Amino acid sequence: MMYGSRSNFGWGRILAVTICALAASVAPLPEPLELMRPDFVALTVLWFSLLSPRLLGLSYAWCAGIALDGFRGVLLGQHALSLVLIAYVAAKLRLQVRAFPPLQQSAVVLALLFLNEFLLFWIDGVAGHPVTDWRRWIAVPVGAACWPLIAGIYSRVVGRR
Amino acid sequence: LSSHDADPRPLLLGGPALGLRLIALGLMAGGLMVADHRQHHLSAIRDWVATAAYPFQWAVSAPVAAWAAMRESFSTRARVESENVRLAADNLVLRLKLMRFESLEQENRRLRAVRESSARVVQRSLVAEIVRVDLDPLRQRVLVNKGTRAGVFRGQAAIDAHGIFGQVTRAGPVSAEIILISDPEHAIPVQVNRTGARTIVLGSGRSGLLSLPYLPQNADVIVGDLLVSSGLGGVYPPGYPVGKVTNVVRDPAQPLLAIEAEPAAALDRDPEVLLVWFDREVVEPEAAPDPAAPASATASEPASAPAVAPPAAEDAR
């Protein structure tokens with residue numbers, strides 16, 4: 001009964017969650033909040049990589065990254081590369097991280113989000129469009145702070161597998 | 001708990017497969033980036049992605065737009081009446097100005113004909129609505145709902161009711177991305193209206209702030225000076241307001257002045273902008289800052305209406 005949906009892994013829900021994350025990352029917000037907006041797509045990719053890596057792995061991270069590049073109108077492949085890398089690190093660390101208490105999990109997520117943002121920052125610089133404003137880093141700790149909430153919601157909606 | 005028995009997926013993952021996939025996907029992403037950045041081979045794919053993303057972006061902005069429309073339709077009669085009175089008064093003032101403007105325009109044309117220089121005034125304009133999505137909080141860019149099908153081309157100037165707004169950086173079939181004059185990567189050649197001094201205004205990354213870093217200490221600039229576009233570079237039509245000087249710092253230790261200005265256009269509040277076509281016959285001494293603009297304008301020509309042909313043909317020249 002509990003595992004009745006195993007034959008279909010709930011692709012509808014996964015798609016819905018992905019679309020919601022993409023929408024949340026471009027939805028209009030007032031200016032001060034806009035800078036604090038966590039990277040929802042990165043958090044989604046991290047959740048799948050840490051808690052359900054058997055369900056969705058690196059290919060999912062890549063596709064989500066390409067979609068985000070398309071919506072944001074930035075260099076195609078930029079988010080794809082950074083998300084694939086953090087998904088890889090997360091999948092490698094997942095057995096340790098899953099045993100961590102929530103606060104410690106947030107710390108790992110903070111490090112991974114920082115890595116993600118750093119890669120984006122780096123690619124921006126190499127491509128010749130650097131954004132050196134310090135405010136780009138605000139979203140990283142905000143995202144880590146949102147982690148318990150996001151993880152809770154996803155565990156309910158998608159379920160651990 | 002015994003569910004794993006019947007589960008065909010591997011219990012352990014990782015190992016070489018994960019690393020291989022990382023390398024493969026990483027190389028794919030890297031290849032895409034290089035192709036996109038270096039060779040610009042991906043413009044067809046980009047257009048396709050932009051077109052696929054547009055309905056989604058529109059859907060994201062729809063609730064905000066619907067809320068605004070609802071507030072509009074439920075606005076009280078008194079508010080509408082007071083707005084009407086205000087608009088009528090505005091209209092009267094504008095008409096008075098226009099009366100003078102028309103005779104001045106005629107005179108200006110005559111004088112320019114005498115000097116054999118062409119008057120570069122806006123010939124055609126197109127209203128484009130801004131799609132309310134946040135592309136990137138640190139880059140000042142907006143998405144509008146008109147693209148190459150409406151004749152929009154890369155490097156086209158966008159203006160709002162108060163002044164210069166920005167220029168088109170990417171034109172997809174049904175949508176276009178505009179870089180605002182306040183983007184840190186944007187520069188626009190201007191003239192100080194009072195003195196005629198030419199300089200360049202850079203964006204700052206904040207919507208209400210522009211900077212003028214290239215004026216020497218002895219330059220005659222005071223707070224309140226109006227900056228208008230000079231038309232050099234050929235992207236923007238000349239004579240349109242860009243901003244107003246709000247702060248001048250004269251530090252004798254520095255060779256150049258630190259000047260701040262406030263954009264004339266309502267960059268963060270506009271619901272729509274005007275995309276303009278103007279006569280670019282005069283060949284300026286400086287090259288256009290966007291070398292790809294004429295090429296993409298010619299490329300967009302077949303898709304655009306015949307009415308757009310004159311400016312596009314001039315771009316190609």
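In this text, all values refer to a predicted model and were calculated from it rather than measured experimentally.

A.B. asks: Could you give an account of the nonpolar core, with specific residues and numbers?
C.D. replies: Ranked by internal contacts, the top residues of the largest apolar core, which has 62 residues, are L46(A), W47(A), W62(A) and W147(A). Taken together, the elements giving at least two residues each to this core come down to α1 (11-26), α3 (40-51), α4 (58-72), α5 (78-99), α6 (102-127) and α7 (139-157) of chain A together with α1 (15-39) and α2 (43-73) of chain B. Here this core gets ten residues from one element, more than from any other, and that element is α5(A). The residues touching W147(A), leaving out its near neighbours within four places in the chain, are L43(A), L46(A), W47(A), L50(A), Q105(A), S106(A) and V109(A). By size, the runner-up hydrophobic cluster in this structure holds 42 residues, among which are I164(B), V168(B), A265(B) and V273(B).

A.B. asks: Can you explain the environment of L98(B)? Please cite residues and give values.
C.D. replies: All names here are of chain B. Within the secondary structure layout, L98 lies in helix α3 (residues 77-115). Its relative accessible area of 42% is what places L98 among the partly exposed residues. Placed 133 residues apart in sequence, L98 and G231 show a C-alpha to C-alpha distance of 23 Å.

A.B. asks: Describe empty space enclosed by the protein, naming the residues involved and giving the relevant values.
C.D. replies: Per the stated rule, a full pass over the model turns up four cavities of 30 Å³ or more. Every residue lining the largest cavity is counted, 23 residues in all, and those nearest its centre are R72(A), E117(A), R136(A), D136(B) and P137(B). At the level of secondary structure, the elements contributing two or more residues to the lining of the largest cavity comprise α2 (31-36), α5, α6 and α7 of chain A. The dominant element in the lining of the largest cavity, judged by the number of residues it contributes, is α6(A), at five residues. Here the residues of the lining of the largest cavity are counted per class, giving ten nonpolar, three polar and ten charged. Each pocket or cavity is described by its volume, and for the second largest cavity that value is around 80 Å³. Together, 13 residues line the second largest cavity, and A50(B), Q57(B), L143(B), R170(B) and S175(B) are the ones closest to its centre.

A.B. asks: Could you give me a rundown of the interface of chain A and chain B, with the residues and numbers involved?
C.D. replies: As a measure of interface size, the accessible area lost when the parts come together is often cited. Across the boundary between the two partners, chain A contributes 49 residues, which contact 44 residues of chain B. Carbon and sulfur atoms make up 64% of the surface buried where chain A meets chain B, a total of about 4,300 Å² over both sides. With a shortest N-O distance of 3.2 Å, D124(A) and R139(B) are connected by a salt bridge. At the surface where chain A touches chain B, the tally comes to six residue pairs in polar contact (both at pLDDT 80 or more). Elements with a minimum of two residues in the side of chain A that touches chain B: α1, α2, α4, α5 and α6 of chain A. The element contributing the most residues to the side of chain A that touches chain B is α5(A), with nine residues. The residue inventory of the side of chain A that touches chain B, partitioned by class, reads 28 nonpolar, eight polar and 13 charged.

Cut-offs used in this document
- Residues numbered from 1 in each chain as written.
- Chains lettered and ligands numbered in written order.
- Predicted model: local features only at pLDDT ≥ 70, side-chain atom pairs only at ≥ 80, totals over all residues.
- Heavy atoms only, no water.
- Core = buried A, V, L, I, M, F, W, Y, C linked by side-chain atoms within 4.5 Å.
- Buried < 20%, exposed > 50% of the residue type's maximum accessible area, 1.4 Å probe, protein only.
- Helix = DSSP H or I, 4+ residues; strand = E, 2+ residues; numbered from the N terminus.
- Contact = heavy atoms within 4.5 Å.
- 1 Å grid on protein atoms, 1.4 Å probe; cavity = no way out; pocket = protein on both sides within 12 Å on 5 of 7 lines; lining within 4 Å.
- Points joined across faces, edges and corners; volume = space filled by probe spheres on them.
- Nonpolar A, V, L, I, M, F, W, Y, C, P; charged D, E, K, R; others polar.
- Buried area = accessible area lost by both parts, 1.4 Å probe.
- Salt bridge = Lys/Arg side-chain N within 4 Å of Asp/Glu carboxyl O.
- Polar contact = N/O pair within 3.5 Å; in protein donor to acceptor, adjacent residues only side chain to side chain.

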